[in-house]
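The primary structure of each chain is shown beneath.
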Amino acid sequence: MEKVKATRSELLFRKQQIRLANQGLELLKKKRDALLREFLPIIDETMRLSLRLERATADAQAALAYTEAVEGRMVLQSVSLATKGEILVDITGTHVMGVPIPVIRKAEAPVKTELERGYSITGVSARVDQTARKFEEIIDIMIQSADIETRLRRLGEELQKTNRRVNALENIVIPELQEQVKFIFNALDERAREDHFRLKKVKKKILEKSHRG
Amino acid sequence: MYKVVVLTDPDTALGFRLAGVDVYVVEDNEEAKREISRLIEDDRTGILAVNESFLSLIDDRMRNKIESIYKPIVVSLPVREKIGAVGERKAFLARLVHRAVGFDVTLRRE
């Protein structure tokens, strides 16, 4: 334990600190509850989308490898040069308990028809079309999951931080302060008793003196 | 409106090009790091999708930056060198959830 001076002002100071720490603890606990309320409902949805994205990617990669093997890399390269256009999204932001969180407002649908893709449909086989479709699906799921997953990750990290602070206050800072208050209180008490006893002794001596005299 | 941008390895890039999305190709980690910071600074980037393996190599400073901005949203693409490994991403999220809401163990000082 840290060395403390056993004085009355120090005692008051430590008591004040305990009050402050308790207030902070209350606030942090409220913050934790608020974060948890935001966090819990989105866990399921995020997990589901995440797994879908993983499956879609594995699927698309397999399709791509197959198509490349059958059609040859050159065909794929020339087709991929012909596709054009970009996919656009609109993004805004919000705050949850001081955590910045992006929100996707609306997005273009990335899944296109064969004619919209930009390459000649008579020039390539259906395998290429299918592969393109699979990669469009990846983008589709990715846009759906991008903001919710970011939300989950950021809220999760903030929750961990808040938890750590709550634990530090509750289990270390406050008990230590209480220990110090107890120490000062005992020391002051002890000193008061000594004083009292000393006074008694002095009184006795004075009385003895006056009797003899 | 902002663009959806994909940053990936040369093999996978071919597929994303077919999907008609903006694709940037990088060969190695160093190049990936440079491109990530460039694309984050770019005002037109809305969603930046990066190969998981590239994203796991960036340093803490950049990670903090990514986690504190609204736009672009940086997401990882579960692209695998070996095909068929499914479920790691879910495990990662499960760990995050457990750490965030599970019991934190602290040693009580006596």
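Residues numbered from 1 in each chain as written. Chains lettered and ligands numbered in written order. Predicted model: local features only at pLDDT ≥ 70, side-chain atom pairs only at ≥ 80, totals over all residues.

A look at the overall build of chain A
Test applied: Elements are defined by DSSP. Helices are runs of H or I of four residues or more, strands are runs of E of two residues or more, and each kind is numbered from the N terminus. Just to be clear, the radius of gyration here is over C-alpha atoms, and the globule rule we use is 2.2 Å times residues to the power 0.38. Contacts are defined on C-beta atoms placed from the backbone: any two residues whose C-beta positions lie within 7 Å are in contact.
Counting secondary structure elements, chain A contains three helices and two strands. In summary, chain A has a C-alpha radius of gyration of 36 Å against a globular reference of 17 Å for 213 residues, an excess of more than 25%. The C-alpha extent of chain A, read off along each of the three principal axes, is 135 × 30 × 25 Å. Here the analysis covers contacts within chain A between residues at least 6 apart in sequence; of these, 82% occur between residues at least 24 apart.

As for the nonpolar core
Using the following cut-off: By convention in this section, buried Ala, Val, Leu, Ile, Met, Phe, Trp, Tyr and Cys residues joined through C-beta atoms within 7 Å make up a nonpolar core. Exposed residues have 12 or fewer other C-beta atoms within 10 Å of their own C-beta, buried residues have 20 or more, and residues in between are partly exposed; the C-beta atoms are placed from the backbone.
Grouped together as the largest cluster of nonpolar side chains are 47 residues, with contacts concentrated most on Ile139(A), Met142(A), Ile143(A), Leu7(B), Ile47(B) and Val50(B). Among the elements that line this core, the one with the most residues is helix α3 (residues 126-212) of chain A, at nine residues.

Some words on the interface of chain B and chain A
We apply this condition: Each residue is assigned to one class: nonpolar for Ala, Val, Leu, Ile, Met, Phe, Trp, Tyr, Cys and Pro, charged for Asp, Glu, Lys and Arg, and polar for all the others, Gly among them. When DSSP finds two or more bridges between two strands, those strands count as paired.
Between chain B and chain A, the contact holds 43 residues from the first and 57 residues from the second. Put simply, the parts of the chain that give the side of chain B that touches chain A at least two residues each are β1 (2-8), α1 (10-18), β3 (45-51), β4 (73-77) and α5 (88-101) of chain B. With eight residues, the top contributor of residues to the side of chain B that touches chain A is α5(B). Partitioning the side of chain B that touches chain A into residue classes produces 24 nonpolar, seven polar and twelve charged. Pairing geometry for strand β1 (residues 88-96) of chain A and β1(B), over two bridges, is antiparallel. Looking across to β1(B), one finds that Leu88(A) is bridged to Lys3(B).

Observations concerning unusual backbone geometry
Put simply, Lys71(B) and Pro72(B) share a cis peptide bond, and its omega is 0 degrees. Assignment of secondary structure puts Pro72(B) in the loop between α4 (60-67) and β4. Even without being glycine, Met97(A) reaches a positive phi, approximately 45 degrees. Its location among the elements puts Met97(A) in the loop between β1 and β2 (99-107).

With respect to the pairing of strand β2 (residues 22-25) of chain B
All names here are of chain B. Rule in force here: Crossovers are described as right-handed under a simple rule: with the strands pointing away from the observer, the path leading from the first strand over the helix to the second runs clockwise.
As paired elements, β1 and β2 share four bridges and run parallel to each other. Opposite Val5, over in β2, you have Asp22 as the bridge partner. The parallel pair β1 and β2, bridged by α1, forms a crossover whose chirality is right-handed.

Quick word on the environment of Arg151(A)
All names here are of chain A. By the element assignment, Arg151 lies in helix α3. Once the C-alpha coordinates of Arg151 and Ile138 are considered, the two residues, 13 residues apart in sequence, prove to be 20 Å apart. Beyond its immediate chain neighbours, meaning those up to four positions away, Arg151 contacts Ile42 and Ile101.

So, α1(B)
Every buried residue belonging to α1(B) is among Thr12(B), Leu14(B), Gly15(B), Phe16(B), Arg17(B) and Leu18(B), and all of these are buried. Contact partners of the buried residues in α1(B): α1 (8-71), α2 (73-82) and α3 of chain A together with β1 and β2 of chain B. After α1(B) finishes, the residue Gly20(B) shows a positive phi value of roughly 75 degrees.

Notes on the pairing of β3(B)
Along any regular strand, the residues point their side chains to alternate faces of the sheet. All names here are of chain B. Of all seven residues in β3, seven are buried, a share of seventy percent or more. Taken together, the five bridges between β1 and β3 define a ladder with parallel strand orientation. Its bridge partner being in β3, Lys3 is matched across the sheet by Thr45. Judged from the five bridges that link them, β3 and β4 form a sheet pairing that is parallel. Paired with Ile47 across the two strands is Ile73, which belongs to β4.

Some details on the environment of His211(A)
Assignment of secondary structure puts His211(A) in helix α3. Each C-alpha atom of the pair His211(A) and Ala168(A) lies 64 Å from the other, and the pair is 43 residues apart in sequence.

Describing the confidence of the model for chain A
Filter applied, for reference: Every residue gets a pLDDT, meaning the predictor's confidence in that residue, from 0 to 100.
Residues of chain A with pLDDT of at least 70 account for 98%, and the chain-wide mean is 87. Confidence scores differ between elements of chain A, with α2(A) showing the lowest mean pLDDT of 83 and α3(A) the highest of 91.

With respect to the packing of α2(A) against α1(B)
Rules: To obtain an axis, a line is fitted to C-alpha atoms, over the contacting stretch when the element is a helix, and the angle between two such axes runs from 0 to 180 degrees between their N-to-C directions. Just so you know how the angles are binned, under 35 degrees is roughly parallel, over 145 roughly antiparallel, 65 to 115 roughly perpendicular, and the rest oblique. Here a crossing is taken to be left-handed if its near helix is turned anticlockwise relative to the far helix by less than a right angle, and right-handed if that turn runs clockwise.
Interaxial distance between α2(A) and α1(B) falls to 8 Å at its minimum, and their mutual angle equals 45 degrees. Regarding the angle of α2(A) to α1(B), the classification is oblique. Considering how the two elements wind past one another, α2(A) and α1(B) form a crossing that is left-handed. Along the contact surface, α2(A) presents Leu76(A), Gln77(A), Val79(A) and Ser80(A), while α1(B) presents Leu14(B), Arg17(B) and Leu18(B). Along the lines of polarity and charge, the residues of the contact of α2(A) with α1(B) split into four nonpolar, two polar and one charged.

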